[in-house]
Amino acid sequence: MTILEDRPTNPAAGGHDRPIGHGRMQRKEDPRFVRGKGHYVDDIVLPGMLHGAILRAPVAHARLVSIDTTEALAHPKVLAVITGADLQALGLAWAPTLSMDVQAVLVTDKVRFQGQEVAFVVAEDRYAARDALELIQVEYDVLPPVVDARKAMDPGAPVIRDDLAGRTDNHIFDWEAGDKAETDAVFASADVVVSQEIVYPRVHPAPMETCGAVADFDPIDGRLTLYETTQAPHAHRTLFAMVSGIPEHKIRVVSPDIGGGFGNKVGIYPGYILAVVGSIVTGKPVKWVEDRSENLMSTSFARDYIMQGEIAATKDGKILALRTNVLADHGAFNATAQPTKYPAGFFHIFTGSYDLAAAHCTVTGVYTNKAPGGVAYACSFRVTEAVYLVERMVDILARKLDMDPAELRLKNFIKPEQFPYANKTGWEYDSGDYEPTMRLSMKMAGYDELRREQKEKRARGELMGIGISFFTETVGAGPRKDMDILGLGMADGAELRIHPTGKAVVRISVQSQGQGHETTFAQIVAEEIGIPPEDIDVVHGDTDQTPFGLGTYGSRSTPVSGAAVALVARKVREKARFIAAAMLETRPEDLEWEKGRWFVKGDPSVGKTIAEIAMGAHGTVALPEGIEGNLDAEVTYDPPNLTFPFGAYICVVDVDPGTGHVKVRRFIAVDDCGTRINPMIIEGQIHGGLTDGVGMALMEFIEFDAEGNCLGGSFMDYLIPTAMEVPDWETGFTVTPSPHHPIGAKGIGESATVGSPPAVVNAVVDALAPFGVVHMDMPCTPARVWEAMQGRTRPPV
Amino acid sequence: MQINLTVNGTDVTREIEPRVLLVHFIRDDLRLTGTHWGCDTSNCGTCVVLMDGQPVKSCTVLAAMADGHAITTVEGLANGATLDPVQQGFMEEHGLQCGFCTPGMMLTARALLDHNPHPEPLEIREAISGQICRCTGYATIVRSIQWAAEHSISAADTAEEEVRA
């Protein structure tokens, strides 16, 4: 294995802050991937395996009148056709969602969104299963749909969830944070108040690998093995046990290589349950893999927040308060995935990076005839929406005050001495030092020079925009006193074993979807124990092989599981001290640690390496009382607080005045994720998130027509950036460790997705300033930009 | 119907349904699962293989159309234990994360370098612009292909050296 030196892309960006655990090193998982030997769900073939396919509703809202499966069942290769009525007889027609609602596995009464699951065919091969779908006759009685969330609460609006007893409207929840009276008082006396409706349109994580499963139920011993595209294998196993009645110890969930997740693979989809039912019914393994349209039309979307933002400030630019009322479109079933106490996720971090006197937000969730979901796409539990709101509002305020947006931000940052900082909605930010990060991004961008260039170009009628975003994330959910999902505390486990020859295996409860856990977690152990990362195997993604924990989403792997791994390594190190003392016939307190070795204080030549201690532990050395003959340990980590990574992003765009086409010319990203482990992997995470941000800002949009037809149901309609739409990213970093994390790491997976959309939109709006444009909603497609230039901005609904 | 083709240098003869897509033939019949499937509409490029040295999206090619042609999949990139410089470059420069788009990206890169051993970054971006990666943001893929270009001894280079000599 090649271990390379740390190579920060910008030498000015803090070369003094060395990463830990050997820093930049090649990924341990890559040799199999570059040989085409990754092992994804659809690569699994079991003896006798059958194939499932789902018939989906062609309309958004309709009574189910009848289903005739006779012809499909007569197909020579079809073994079973399962309908909602069949599931009802088994008590499996409805499954609990991650938000305490229920979702239909197959339609029994009414179709509630286009693409909803209506019937499941099991056949000998995937082509036959698809053929048989065409042979199912379904009669629908079409109903008027609710498409626009703004109309969901209108009197007389069709009631979508008439399956819920006593339900007479489409209201799901009201939630608030902050002090309303205090905030209103600050607004009432402020010099300047600016208001703006800001829509974060519906988008989709769209991982390259769609969702799928292979279910293998053994009727003899009642054991279910479920290979699944899941980011949270343990949580899925528990939920499957609760729903199916199969005892948890008889269920094994295996999450093999995952072809991207981004939150899309957190929820339990009907297809997974149907694969299990199909296997139980046929007695054979059943594979179900959705196609791209199914993925885009039925699985967890993201955002869909309509936000009324208001910001109050003094006339010289001291920001005083923020308030917002949000209308949240949750689709037909409330299936968002976030800690139970927080129906709007962590949206109340919307106070951002600024020291405010007051803040208040309300969020109202409603049902519409659209696919369920909402918390996905690397969003850190709605921090994406929060950051977008505050960073757009600050820019709008800057325009109103005629202040430079960088200067306005610098003036209002929370100061380093204010950390830990209690914001006005209940968060305690762990650490931060915002100004150096902002200044570094400006230096890398050549900010003043860019503004000069812009001025010259404007004089020539050219449209150049510079957009800034400064974000604070809240990740690493979370402390069990506050955070659970369906009653499961959000902790993660780690088990470490040092084998007799000094090689190691660490078993973790989180699940990589490309983040490189097999490398990063080996590096954490290497840092703590002092054995090389290549001697440490990381095991994940199999509930029979790993300790319990809630999985990978919300940038929680390094903040939670990374902490568990560091602590389990320290536990092993401490145990090694006792064994080394026995081996050296001295007292544990007389030993001193250097990386990889305990030695006698004052006599460094006398000591034992971890490998020698491991052999001793498993050998014949007389062990002290209470020390067992191994070098193993396990830990379950309950984080004391969340971590708060932050960053400064600057985007430079050129807008074609003739077509409205936006070209992202440069993008400068300076991230602070605390202590860094593998800078190469960190940079990769940031690059990917920046691309998401450009995609959402400029092109991605799950749109619906008035009948509720999904207009973003393929990659011909749902546009994702290619290499031609994104620039060569310019990244830098600062390091402000988390004070409560064992190694000071904060997490990085979602920072760029969270932080970049406002930078791009701020740049586009800045470019359009000569047209008097103060705000435009995403996506900034050529047509929408053109309309904005004509003074006809419109929300994306 | 029967088709005869070469896959990674090996002659293959198979009976197939005429409607079977090349991607399914490669994955399900030949069990070469390094070629992936991602969209059905020729937009994502996770299914890219080389047909007579040219990248094609195997989700929009019928297996029948490959009759008489030479197919290279990711499994055919390495020469035994020796990786193609493109494969090495993707590891060196972090050109992959989840690995799902990677086989298609690497095959397009191979085809590009075969025709243009020293491409400019923009030429690399154009070459892979028919393929989507959700993880990397493309910059590291461009660097990976540049690494491969810098570490390849191509036929064109050899010829050039001979001329100079």
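Residues numbered from 1 in each chain as written. Chains lettered and ligands numbered in written order. Predicted model: local features only at pLDDT ≥ 70, side-chain atom pairs only at ≥ 80, totals over all residues.

Engineer: Describe the overall build of chain A, listing the residues and the values that go with them.
Structural biologist: A count of helical and extended segments in chain A gives 18 helices and 33 strands. Rg of the C-alpha trace for chain A: 27 Å, near the compact-globule value of 28 Å for 797 residues, within the 12% margin. In terms of overall dimensions, chain A has C-alpha extents of about 80 × 75 × 50 Å along its principal axes. Every one of the 797 residues in chain A was classed for burial, and the buried ones make up 60%. Across chain A, contacts joining residues at least 24 apart in sequence account for 79% of those joining residues at least 6 apart. (Helix = DSSP H or I, 4+ residues; strand = E, 2+ residues; numbered from the N terminus. Rg over C-alpha atoms; globule rule 2.2 N^0.38 Å. Buried ≥ 20, exposed ≤ 12 C-beta atoms within 10 Å, placed from the backbone. Contact = placed C-beta atoms within 7 Å.)

Engineer: How would you summarise the overall build of chain B if you had to cite specific residues and measurements?
Structural biologist: Within chain B, the secondary structure is distributed over 6 helices and 5 strands. Along chain B, from the amino end to the carboxyl end, the secondary structure elements read β-β-α-β-β-β-α-α-α-α-α. At 16 Å, chain B has a C-alpha radius of gyration in line with the 15 Å of a compact globule built from 165 residues. Overall size of chain B, expressed as C-alpha extent along the three principal axes, is 50 × 40 × 25 Å. Counting over 165 residues, chain B shows a buried share of 55%. Sequence-distant contacts, at least 24 apart, represent 62% of the contacts inside chain B between residues at least 6 apart.

Engineer: Requested: an account of the domain arrangement of chain B, with residues and values cited.
Structural biologist: All names here are of chain B. With domains assigned, chain B is organised as domain 1 (2-76) and domain 2 (85-154). Contacts between domain 1 and domain 2 engage 16 residues on the former and 12 residues on the latter. Of all elements in the fold, only strand E3 (48-51) and strand E4 (54-57) reach the threshold of two or more residues within the side of domain 1 that touches domain 2. For the side of domain 1 that touches domain 2, the element with the most residues is E3, which contributes 3 residues. (Domains from an automatic or database assignment.)

Engineer: Summarise helix H11 (residues 434-445) of chain A; cite the residues concerned and give the values.
Structural biologist: Residues and elements named next belong to chain A. Compared with an ideal rise of 1.5 Å per residue, which puts 12 residues at 16 Å, H11 spans 17 Å between its outermost C-alpha atoms and is within 8% of the ideal. Every buried residue of H11 is listed here: Tyr434, Thr437, Met438, Leu440, Ser441, Met444 and Ala445. All buried residues of H11 lie within an arc of 160 degrees about the axis, which places them on one face of the element. On its buried side, H11 packs onto helix H10 (405-412), helix H12 (447-459), strand E21 (463-472), strand E31 (646-655), strand E32 (662-672) and strand E33 (730-733). Positive phi appears at Gly446, one or two residues downstream of H11, with a value of about 70 degrees. (Expected span 1.5 Å × (residues − 1). Arc of directions from axis to C-beta.)

Engineer: Report on the sheet that holds strand E8 (residues 137-142) of chain A, specifying residues and quantitative values.
Structural biologist: Residue and element names in this part refer to chain A. Read across the sheet, 3 strands follow the order E6-E2-E8 without closing on themselves; strand pairing throughout is antiparallel. Looking at which strands have only one partner, the edges of the open sheet turn out to be strand E6 (110-111) and E8. Bridge analysis of strand E2 (residues 62-68) against E6 gives 2 bridges, and the strand direction is antiparallel. Bridge pairing in E6 links Ala62 to Val111. (Pairing = 2+ DSSP bridges.)

Engineer: Could you give me a rundown of the sheet that holds strand E27 (residues 591-594) of chain A, with the residues and numbers involved?
Structural biologist: All names here are of chain A. The 3 strands lie next to each other as E27-E28-E29, forming an open sheet whose pairing is antiparallel. The sheet terminates laterally at E27 and strand E29 (603-609), the two strands that pair on one side only. Between one strand axis and the next, the sheet turns by 35 degrees as a mean value, whatever way the strands run. (Axes fitted to C-alpha atoms, helices over the stretch in contact; angles between N-to-C directions.)

Engineer: Let's hear about the pairing of strand E28 (residues 597-600) of chain A: which residues, and what values?
Structural biologist: All names here are of chain A. Looking at chain direction, E27 and E28 are connected through 4 bridges and run antiparallel. Each bridged residue has a counterpart across the sheet, and for Glu594 the counterpart in E28 is Arg597. Taken together, E27 and the strand that follows it, E28, pair antiparallel across an intervening segment of 2 residues, in which Gly596 is found at a positive phi of about 95 degrees. For E28 and E29, the ladder comprises 4 bridges, and the chain directions are antiparallel. In the strand pairing of E29, Arg597 is matched with Thr609. In this antiparallel pair of consecutive strands, E28 and E29, the connection spans 2 residues, and Gly602 shows a positive phi of 85 degrees.

Engineer: Summarise the interface of chain A and chain B; cite the residues concerned and give the values.
Structural biologist: If you look at the interface, chain A gives 40 residues, while chain B gives 41 residues. Take the side of chain A that touches chain B: its biggest share by element is 6 residues, from helix H16 (residues 679-698) of chain A. When its residues are assigned to classes, the side of chain A that touches chain B shows 16 nonpolar, 15 polar and 9 charged. (Nonpolar A, V, L, I, M, F, W, Y, C, P; charged D, E, K, R; others polar.)

Engineer: Run through unusual backbone geometry, naming residues and quoting values.
Structural biologist: All names here are of chain A. A cis amide bond links Ala477 to the next residue, Gly478, at an omega of -25 degrees. Here the amide bond leading from Met778 into Pro779 is cis, since omega sits at -5 degrees, within 30 degrees of zero. Within the element layout of this structure, Pro779 appears in the loop between helix H17 (751-767) and helix H18 (782-789).

Engineer: Help me get a handle on the domain arrangement of chain A, residues and values and all.
Structural biologist: All names here are of chain A. The domain boundaries assigned to chain A delineate domain 1 (41-143 + 212-258 + 265-285) and domain 2 (491-637). The C-alpha centroid of domain 2 is placed 41 Å from the C-alpha centroid of domain 1. The partner domain 2 presents 14 residues to the 15 residues of domain 1 that form the contact. Broken down by secondary-structure element, the contributors of at least two residues to the side of domain 1 that touches domain 2 are helix H6 (233-244) and strand E13 (251-254). The dominant element in the side of domain 1 that touches domain 2, judged by the number of residues it contributes, is H6, at 4 residues. For the side of domain 1 that touches domain 2, the per-class residue count stands at 8 nonpolar, 4 polar and 3 charged.

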